[in-house]
Amino acid sequence: MALYPEMFLSKWHLIIVFLTGIVLFGLIIGGYSKKTIISSTLKWLVAIYIIVTVPIALFTMDAKHIEEEMVAGLDEVYQTNKGKVENDHLVAYVGSFEDEDGDFEVKIYGGNYDDLEGFSGNVTIVIYDGEGSLLKEETYEGISLKPGDRIELDDYFTTNEAPARFQYAFE
């Protein structure tokens, strides 16, 4: 299991401050002693932190895992096309991830593997199923990729078959 800083401290952890504030306010209004207020507030702070962090960690792990797989896919496409096509430093990758219900989340990433030159223009992606039928064709306009960028261009959900292959063109 990989650990990420976002799992333990993110904007969603502000919920902890809010809920701990409610506990503190309630203890003060209740007229408890300072010792009880401090110890109870600290105990609730730890308990709330754990309760809030568990779901945040699960969502973060899933999102980071998908991002790592997509970047690895971009790397693979780049290595495959390196020196074989014009603009071999500009690549796209389409990946799909099946959920518990059998639906697919399809992610489309683009990457610029040039160390000096950026890209600004349009990216056309054509996605096919296993039988070669067209699933989706989309042109993403106004895409800017700085040197070394690897970004998500699009994502969508489908109940149909997962994409089997794709083609792309940077214009």
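Residues numbered from 1 in each chain as written. Predicted model: local features only at pLDDT ≥ 70, side-chain atom pairs only at ≥ 80, totals over all residues. Heavy atoms only, no water.

## Overview of the overall build of the chain
Filter applied, for reference: Each helix is a run of H or I in the DSSP string that is no shorter than four residues. Each strand is a run of E no shorter than two, and both are numbered from the N terminus. Only the C-alpha atoms count toward the radius of gyration. The rule for a globule is 2.2 Å times the residue count to the power 0.38. To sort residues, take the accessible area from a 1.4 Å probe on protein chains only and compare it with the maximum for the residue type: under 20% means buried, over 50% means exposed, and anything in between is partly exposed. Residues are treated as being in contact if the distance between any of their heavy atoms lies within 4.5 Å. Surface exposure here means Shrake-Rupley accessible area, sampled with a 1.4 Å probe, where a residue is shielded only by the protein chains that are shown. In this count, Lys and Arg are taken as positive residues and Asp and Glu as negative ones, while His and the chain termini are left out. A charged residue contributes its charge at one atom only: NZ of Lys, CZ of Arg, CG of Asp or CD of Glu.
Counting its regular elements, the chain contains two helices and six strands. Secondary structure elements in the chain, listed N-terminal to C-terminal, are α-α-β-β-β-β-β-β. Rg of the C-alpha trace for the chain: 23 Å, well past the compact-globule value of 16 Å for 171 residues, more than 25% over. Once the C-alpha set of the chain is aligned to its principal axes, its extents read approximately 75 × 40 × 30 Å. Buried residues in the chain amount to 36% of all 171 residues. Nonlocal contacts in the chain, meaning residues at least 24 apart in sequence, comprise 64% of its contacts between residues at least 6 apart. With an accessible surface of roughly 11000 Å², the chain has 58% of that area assigned to carbon and sulfur atoms. Across the chain, the 12 positively charged side chains and the 29 negatively charged ones have centroids separated by 15 Å.

## What about the layout of surface pockets?
For the record, the criterion: Only protein atoms enter the 1 Å grid used here, on which a cavity is any set of points holding a 1.4 Å probe that cannot leave and a pocket is any open set flanked by protein within 12 Å on both sides along at least five of seven lines; residues with an atom within 4 Å of a point are listed as lining. Grid points are joined across faces, edges and corners, and a volume is the space filled by probe spheres set on the points.
The space that makes up the largest pocket amounts to roughly 160 Å³. Along the walls of the largest pocket sit Asp62, His65, Ile66, Phe97, Glu98, Asp99, Glu100, Asp103, Phe104, Glu105 and Phe157, which together make up its complete lining. Elements supplying a minimum of two residues to the lining of the largest pocket: helix H2 (34-81), strand S1 (90-98) and strand S2 (104-112). The element contributing the most residues to the lining of the largest pocket is H2, with three residues.

## Observations concerning the sheet that holds strand S4 (residues 134-145)
Condition: Being paired, for any two strands, means DSSP has found at least two bridges between them. Axes here mean lines fitted to C-alpha atoms, for a helix over just the part in contact, with angles spanning 0 to 180 degrees between N-to-C directions.
Spatial strand order, S4-S3-S6: three strands in an open sheet with antiparallel pairing. Single-partner strands in this sheet number two, and they are S4 and strand S6 (165-170). Strand after strand, the sheet turns through a mean of 15° between neighbouring axes, direction not considered. Sheet topology note: the strand S3 (residues 119-128)/S6 ladder contains six bridges and is antiparallel. Its bridge partner being in S6, isoleucine 125 is matched across the sheet by tyrosine 168.

## As for H2
Inclusion rule: Helix span, as expected, comes to 1.5 Å for every residue beyond the first. The angle separating two fitted axes, one through the seven residues that finish at a residue and one through the seven that start at it, defines the bend at that residue.
For H2, with 48 residues, the first-to-last C-alpha span of 68 Å sits near the 70 Å given by 1.5 Å per residue. If you look at H2, its biggest bend is around 25°, right at threonine 53, and the proline proline 55 turns up within four residues after that. Remark: glycine 83 follows H2 within two positions and exhibits a positive phi of approximately 80°.

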